[in-house]
Amino acid sequence: MSRICMIGTGYVGLVSGACLADFGHEVWCVDINEQRIADLHAGKMPIYEPGLDRLVAKGVDNDRLFFTTSLAEAMERTDTIFIAVQTPMSDSGEADLTYVVKVAEEIGRLMKKPYVIVTKSTVPVGTSRKVKQAVSAAQPKPIPFDMASNPEFLREGSSIEDFMRPDRVVIGTESENAEKVMREIYRPLYLLETPIVHGSIESAELIKYASNAFLAVKISYINEISQLADRVGADVSLVARAMGLDKRIGPKFLHAGLGFGGSCLPKDTNAIVHIAGEAGGDMSIVRAAIAVNAALPDVAMDKAREMLPDLKGRTVALLGLSFKPNTDDIRDAPARPLVRLLQEAGAELRVHDPVAMDNFRGIHPELMYCDGPYHAIEGTDLTMLLTEWNEYRQLDLPRIAGLMAGRRFLDCRNVYNGEMMAEHDIDYRSFGRPGGGSST
Ligand code: NAD
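Source: prediction; values computed, not measured.

Draft legend 1. Quick look at the site of the ligand. Taken together, 27 residues lie around the ligand, and V12, D31, T87, E156 and K267 are the ones closest in. Measuring from an oxygen atom of the ligand, one finds a side-chain N or O atom of D31 at 2.6 Å. One nitrogen or oxygen atom from the side chain of R331 is found 3.0 Å from an oxygen atom belonging to the ligand. In isolation the ligand exposes 840 Å². Once the protein is present, 93% of that is buried. Only α1 (11-22) and α5 (98-110) provide two or more residues apiece to the shell around the ligand. Counting contributing residues, the shell around the ligand receives three or more from each of domain 1 (3-199) and domain 2 (214-436).

Draft legend 2. Structural context of helix α11 (residues 265-278). The first and last C-alpha atoms of α11 sit 20 Å apart over 14 residues, in line with the 20 Å expected at 1.5 Å per residue. When you tally the buried positions in α11, you get 10 out of 14 residues, the bulk of the element. The set of residues buried in α11 consists of L265, P266, K267, D268, T269, A271, I272, V273, I275 and A276. Buried residues belonging to α11 abut α9 (201-232) and α12 (284-294). G280 sits one or two positions beyond α11 and adopts a positive phi of about 80°.

Draft legend 3. Molecular detail of the sheet that holds strand β9 (residues 315-319). The six strands lie next to each other as β11-β10-β9-β12-β13-β14, forming an open sheet whose pairing is parallel. The sheet terminates laterally at β11 (368-369) and β14 (427-429), the two strands that pair on one side only. Each of β12 (382-385), β13 (408-411) and β14 is contacted by helix α13 (residues 296-307), which is oriented at about 165° to β13, the strand it contacts most.

Draft legend 4. Geometry of the pairing of strand β1 (residues 3-7). Within β1, four of the five residues are buried, which leaves the element mostly enclosed by the surrounding structure. By the bridge criterion, five bridges tie β1 to strand β2 (residues 26-30) in an arrangement that is parallel. Bridging from a neighbouring strand, I7 pairs with V30 of β2. Sheet topology places β1 next to strand β4 (residues 80-83); four bridges connect them, and they run parallel. Bridge pairing links M6 to F82 in β4.

Draft legend 5. Just the side chain of D31, in detail. By the secondary structure assignment, D31 is in the loop between β2 and α2 (34-41). R36 is the oppositely charged side chain nearest to the buried, salt-bridge-free D31, at an N-O distance of 4.6 Å. Among the polar contacts made by the side chain of D31, one reaches the side chain of T9 at a distance of 2.8 Å. Contact partners of D31, with chain neighbours within four places excluded, come to G8, T9, R36, I37, T68 and T69.

Draft legend 6. The arrangement of the sheet that holds strand β6 (residues 146-149) in detail. Taken together, eight strands build an open sheet; the order of strands is β3-β2-β1-β4-β5-β6-β7-β8 and the sheet is mixed. Edge positions in the sheet fall to β3 (65-68) and β8 (196-199), since each of these pairs with one other strand and no more. The sheet shows a mean angle of 20° between the axes of neighbouring strands, direction not considered. Those strands touched by α9 are β6, β7 (169-173) and β8, and its axis lies near 145° from that of β7.

Draft legend 7. Local environment of the domain arrangement of the protein. Segmentation of the protein into domains returns domain 1 (3-199) and domain 2 (214-436). Once you take the C-alpha centre of each, domain 1 and domain 2 turn out to be 33 Å apart. Counting from both sides, the interface comprises 17 residues of domain 1 and, opposite them, 17 residues of domain 2. The largest contributions to the domain 1 side of the interface with domain 2 come from Y48, M89 and E156, which together make up 41% of the buried area. At the junction of domain 1 and domain 2, the tally comes to one salt bridge. Our count for the contact surface shared by domain 1 and domain 2 stands at seven residue pairs in polar contact (both at pLDDT 80 or more). Split by residue class, the side of domain 1 that touches domain 2 holds nine nonpolar, five polar and three charged.

Draft legend 8. Here's a closer look at the pattern of salt bridges. The tally for this structure, following the rule as stated, stands at 24 salt bridges. In this structure, the salt-bridge partner of R361 is D358, at a minimum N-O distance of 2.9 Å. Residue R361 and its partner D358 are both found in helix α15 (residues 357-363); the two are separated by three residues, about one turn of the helix. We note a salt bridge from R429 to D427, for which the minimum N-O separation is 3.3 Å. The partly exposed category is assigned to D427, whose relative accessible area is 29%. Each of the salt bridges in this network shares a partner with another, and the network as a whole consists of R129, K132, E174 and E202.

What counts and what doesn't
Residues numbered from 1 in each chain as written. Predicted model: local features only at pLDDT ≥ 70, side-chain atom pairs only at ≥ 80, totals over all residues. Heavy atoms only, no water. Near = heavy atom within 4 Å. Polar contact = N/O pair within 3.5 Å; in protein donor to acceptor, adjacent residues only side chain to side chain. Areas by Shrake-Rupley, 256 points an atom, 1.4 Å probe, with all protein chains shown as cover. Helix = DSSP H or I, 4+ residues; strand = E, 2+ residues; numbered from the N terminus. Domains from an automatic or database assignment. Expected span 1.5 Å × (residues − 1). Buried < 20%, exposed > 50% of the residue type's maximum accessible area, 1.4 Å probe, protein only. Contact = heavy atoms within 4.5 Å. Pairing = 2+ DSSP bridges. Axes fitted to C-alpha atoms, helices over the stretch in contact; angles between N-to-C directions. Lys, Arg positive; Asp, Glu negative; His and termini not counted. Salt bridge = Lys/Arg side-chain N within 4 Å of Asp/Glu carboxyl O. Buried area = accessible area lost by both parts, 1.4 Å probe. Nonpolar A, V, L, I, M, F, W, Y, C, P; charged D, E, K, R; others polar.

What follows is the structure, given as structure tokens:
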């Protein structure tokens, strides 16, 4: 059993902490957000993640998972420290390391024995060295410690399964001790024959950005193909399906629509462009992917105007506010620029999301928040599906046709098809499917 201090109880820290406790380790989760820790003590989850409440309760009941606001207490009881705090995008596009460096200084200040310090946050190449320097500089007296990098690849919405059954675990170390400690922590995954990719700290740090940037490029690629399909009269769903059947390409991340959002791909693509620039290189492919993605809300607005040329005073329903289904995360969600553009065009908005409305209300209190998709659609001139929640995949079409003031449905995630909508006299548009796609 390892004794682990997990700093940060957000999407990554809390899920990683709960999963590591389930592996049999003793985990102390620390957060400066007192409300978060109080909620966790009360069994209330600070984020929406399917299955997380049960896993946390199990760890707590088994005396393996603990929560505290005191880093000193957590460090006293553990010997490996994971840093899982946020690394948001700064105004210039690079990763903001303020939170990571602050944690490093605190660790140094409180250090009374050796530790392995692991960066789990997504951090630019070279950050672990910066963390090392910050820890050393803050130590009241020199105590040796080891650094490791262990980037996280979990996806919000399926993060427990992703952590428990990862495609691979990436570990970067600079000492035998750190490697031994990290391999021991992930030993439960050996039974599943999970590949452990071990290398230098720099390689581990770059693997995370290289992977996320590649996924972003794949998404932007299919979105550019989607726009071409719209122009030449092809069906992007069919194109993507046939492309994905080619084993060299694979079917994942080939869904045309509103593009990527959330707390990772937008900031990580910008960060790798910066990392390359600082190293005297360029990531022109990633820059192009960012530009394609940034233009997608305008593409959606063009489609909305094709259906309803003047949006002023018209009522528009938005279904889905989170950046993808099964999460309440609205960071860099496409709904945000779309709300702004629709408001600028003078539209009145009625919105719904199964779990993200509270978060969205924090930035847009003025919107009409509805009890469900049917309530949102009631009396609207245009309905836009922004997030492909299961709840929106099987809408009762005769019912929505009856509720709409104007029978217009802009499907920004290609969930439905023109044939089904035509049966109910609904004007239907989607992305990259000029004919509206078919049911086959
Ligand atoms: P988050 O914002 O959800 O959580 C960060 C937490 O750290 C917050 O609760 C905050 O209060 C806490 N924190 C900040 N400073 C602290 C301090 N000094 N002491 C203790 N706690 C502190 O962030 P997240 O989404 O979990 O992301 C964390 C990191 O993991 C980021 O680098 C991100 O890029 C990376 N990552 C995120 C995901 C994802 O899907 N969210 C996936 C893989 C990697």
